[in-house]
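# An overview of the molecular structure
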Amino acid sequence: MNLHQTVEHEAATAFAAAGIADSPIVLQPTKNAEHGDFQINGVMGAAKKAKQNPRELAQKVAEALAGNAVIESAEVAGPGFINLRLRPEFLAQNIQTALNDARFGVEKTDKPQTVVIDYSSPNLAKEMHVGHLRSSIIGDSVSRVLAFMGNTVIRQNHVGDWGTQFGMLVAYLVEQQKDNAAFELADLEQFYRAAKVRFDEDPAFADTAREYVVKLQGGDETVLALWKQFVDISLSHAQAVYDTLGLKLRPEDVAGESKYNDDLQPVVDDLVQKGLAVEDDGAKVVFLDEFKNKEGEPAAFIVQKQGGGFLYASTDLACLRYRIGRLKADRLLYVVDHRQALHFEQLFTTSRKAGYLPEDAKAEFIGFGTMMGKDGKPFKTRSGDTVKLVDLLTEAVERATTLVKEKNPELGADEAGKIGKTVGIGAVKYADLSKNRTSDYVFDWDAMLSFEGNTAPYLQYAYTRVQSVFRKAGEWDATAPTVLTEPLEKQLAAELLKFEDVLQSVADTAYPHYLAAYLYQIATLFSRFYEACPILKAEGASRNSRLQLAKLTGDTLKQGLDLLGIDVLDVM
């Protein structure tokens, strides 16, 4: 259920009864559960506008809410706040509904959209590094939530598989295969470095590489076959990382720069024909008045270089036109490093002017900050090199497995390894997803693998704790009437019923940390409830009701973590 919307509807009815129907309600959860479940802050603004005493007006609203089927009490506080406490019967009824629903009471959106989400997007000339982690896991989580809420989600992995550097790489691939018939491209990073050294130091090799660029762009079948071989091997490296991370990205989601190559010149010609792109010093440029510099000059969005070469802008325009025209997207999400914000703002503006992005479609830049080391600088190896993503994930699993063995020395190697992988990968992902994506954050092994605080291990353990209860519980009735009498029973029930509110917020804003914070709140509340309200020692309706709350807590944690792309375990 959408609890916020339900309470807001009741508040709106009370506002109308108090004569302030046109005023915003400003409803939010209370910061202190002792004061209630929700707080109305909109009365003070309405009172100022109507030139009335805010506390007197708030009292009118509170009285209009009295006897409500949803609200148990409405109390005026401070200069005109209204604290609302939900009826236990209302909470109990909706807990029952959620328990008997495969979606835990979460309804699908009544306005589903086709959403194309662009994320991960590595350059296939090199192996994936830690800089690709945030886009990959943020995009994956947002895509999961959007799909769960009933939207049609089209994942697109816009890989860098085209451009002049591929002439160098193909030339080196040919050279290596001549010297070694059994050559295998096992280490992309080493291969790229070696090819770059040859290119920089051997003029003859550099000339050969440039010839391959021309042949590649001209569609030479032999060169294209070699290019495809390199791309396929590179993609297999990337897919191995995606599989380790548990991402939804599949090979069929790959739509690289090469896909739009044939449409680059037509896009530029179309922009020229529409009077948007003009020639400037040999290049084709769209001048955007919306992005003027300090001197008042419009920004230059270059769509074709001198000599006819293309840029990211050219490819991104063709790509956007394809996603709207062919994929029929209502909403476009680009999960990209925040340093690319200006490029995408200019891309969207140009696309609007060109008619590629119609008014009824929405394009959004989903920017994110940088993963930092403890030294406050971008995360690197001790030698200062870029960290390969596969190495980071391997270390996460190793560290987690060691930790699991220390806590459970009786576990066999296979079982410890299985738990270690789930905990280690979950810890890396949650450490990122629990932070506001627009912020930089410090990568800290000890903090992310801790079983205390807002971490994946803490939430995964909370889930196993719930499963432990049911291994001991024996028979119980999930369909019996729920009875809520204790304060923590009511508080946990109210929080569990906010699941849909939180998921809709993530779907609207693409901020996964809202979901992470919610799950942490659920886990900590359950811990307090577990200590204050004995479950297995309770009797009758109380025991059954507490088991129902525990069941819905476990289900919510499991589903919520799955939407973050994190697995759970029945035993840790």
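Relevant structure appears above.
Attention in this report is confined to the structure presented alongside it. Since the model is a prediction, treat every value here as computed from it, not as a measurement.

## Some details on the packing of helix 5 (residues 133-148) against helix 18 (residues 499-509)
For any two helices packed against each other, one specifies the inter-axial angle together with the distance between the axes. Interaxial distance between helix 5 and helix 18 falls to 9 Å at its minimum, and their mutual angle equals 120 degrees. As far as their axial angle goes, helix 18 and helix 5 are oblique. When you trace helix 5 past helix 18, the crossing you get is left-handed. From helix 5, Val 145, Leu 146 and Phe 148 reach across to helix 18, where they touch Leu 503, Val 506 and Ala 507. Taken together, the residues of the contact of helix 5 with helix 18 sort by class into six nonpolar, no polar and no charged.

## Comments concerning the sheet that holds strand 7 (residues 277-280)
Read from one edge to the other, the open sheet built from three strands follows the order 7-8-9, with strand pairing classed as antiparallel. Pairing within the sheet leaves two strands with one partner each, and these edge strands are strand 7 and strand 9 (299-304). Each adjacent strand pair in this sheet contributes to an overall mean axis angle of 45 degrees, direction not counted. Across four bridges, strand 7 lies against strand 8 (residues 283-288) in antiparallel orientation. By the bridge assignment for strand 8, Val 278 is matched with Val 285. Sitting on the sheet, helix 10 (residues 264-273) touches strand 7, strand 8 and strand 9, and the angle it makes with strand 9 is about 135 degrees.

## Here we look at the nonpolar core
Ile 40, Leu 86, Leu 392 and Leu 515 are the most contacted members of the largest nonpolar core, which totals 126 residues. Core analysis: the next-biggest nonpolar cluster, separate from the first, contains 35 residues, Val 267, Ala 318, Leu 332 and Phe 344 among them.

## A few points about the packing of helix 6 (residues 165-179) against helix 9 (residues 221-245)
Closest axis-to-axis distance for the helix 6/helix 9 pair is 10 Å, and the angle between their directions is 90 degrees. Compared by their axis directions, helix 6 and helix 9 come out roughly perpendicular. In this structure, helix 6 uses Phe 166, Leu 169, Val 170, Leu 173, Val 174 and Gln 177 to contact helix 9, whose residues at the interface are Val 223, Leu 226, Trp 227, Gln 229 and Phe 230. Here the contact of helix 6 with helix 9 is composed, by residue class, of nine nonpolar, two polar and no charged.

## Details of helix 13 (residues 389-407)
Here helix 13 contains 19 residues, and its C-alpha end-to-end distance of 27 Å stays within 8% of the 27 Å for a straight helix at 1.5 Å per residue. Taken together, the buried positions of helix 13 are occupied by Leu 389, Leu 392, Leu 393, Ala 396, Ala 400, Thr 401 and Val 404. Along the axis of helix 13, the buried residues cluster in a sector spanning 165 degrees; they form a single face. Against helix 5, helix 9, helix 14 (413-433) and helix 15 (445-448) lie the buried residues of helix 13.

## Topic: the sheet that holds strand 2 (residues 38-40)
In space, the four strands of this open sheet follow the order 1-2-4-3, with antiparallel pairing throughout. One side of each edge strand has no neighbouring strand; the edge strands of this open sheet are strand 1 (27-29) and strand 3 (71-77). Neighbouring strand axes in the sheet, compared pairwise and without regard to direction, differ in orientation by 25 degrees on average. By the bridge criterion, six bridges tie strand 3 to strand 4 (residues 81-86) in an arrangement that is antiparallel. Paired with Ala 74 across the two strands is Leu 84, which belongs to strand 4. In this fold helix 1 (residues 3-17) packs onto strand 1, strand 2, strand 3 and strand 4, with an angle of close to 35 degrees to the strand it touches most, strand 2.

## Notes on unusual backbone geometry
In this structure, Ser 120 takes a positive phi of about 80 degrees despite not being glycine. Note that Ser 120 resides in the loop between strand 5 (114-118) and helix 5. Since its relative accessible area comes to 4%, Ser 120 is described here as buried. For Asp 281, which is not glycine, the phi torsion reads 55 degrees and is therefore positive.

What counts and what doesn't
Residues numbered from 1 in each chain as written. Predicted model: local features only at pLDDT ≥ 70, side-chain atom pairs only at ≥ 80, totals over all residues. Heavy atoms only, no water. Axes fitted to C-alpha atoms, helices over the stretch in contact; angles between N-to-C directions. Helix = DSSP H or I, 4+ residues; strand = E, 2+ residues; numbered from the N terminus. Parallel < 35°, antiparallel > 145°, perpendicular 65-115°, else oblique. Left-handed = near helix turned anticlockwise from the far one by under 90°. Contact = heavy atoms within 4.5 Å. Nonpolar A, V, L, I, M, F, W, Y, C, P; charged D, E, K, R; others polar. Pairing = 2+ DSSP bridges. Core = buried A, V, L, I, M, F, W, Y, C linked by side-chain atoms within 4.5 Å. Buried < 20%, exposed > 50% of the residue type's maximum accessible area, 1.4 Å probe, protein only. Expected span 1.5 Å × (residues − 1). Arc of directions from axis to C-beta.

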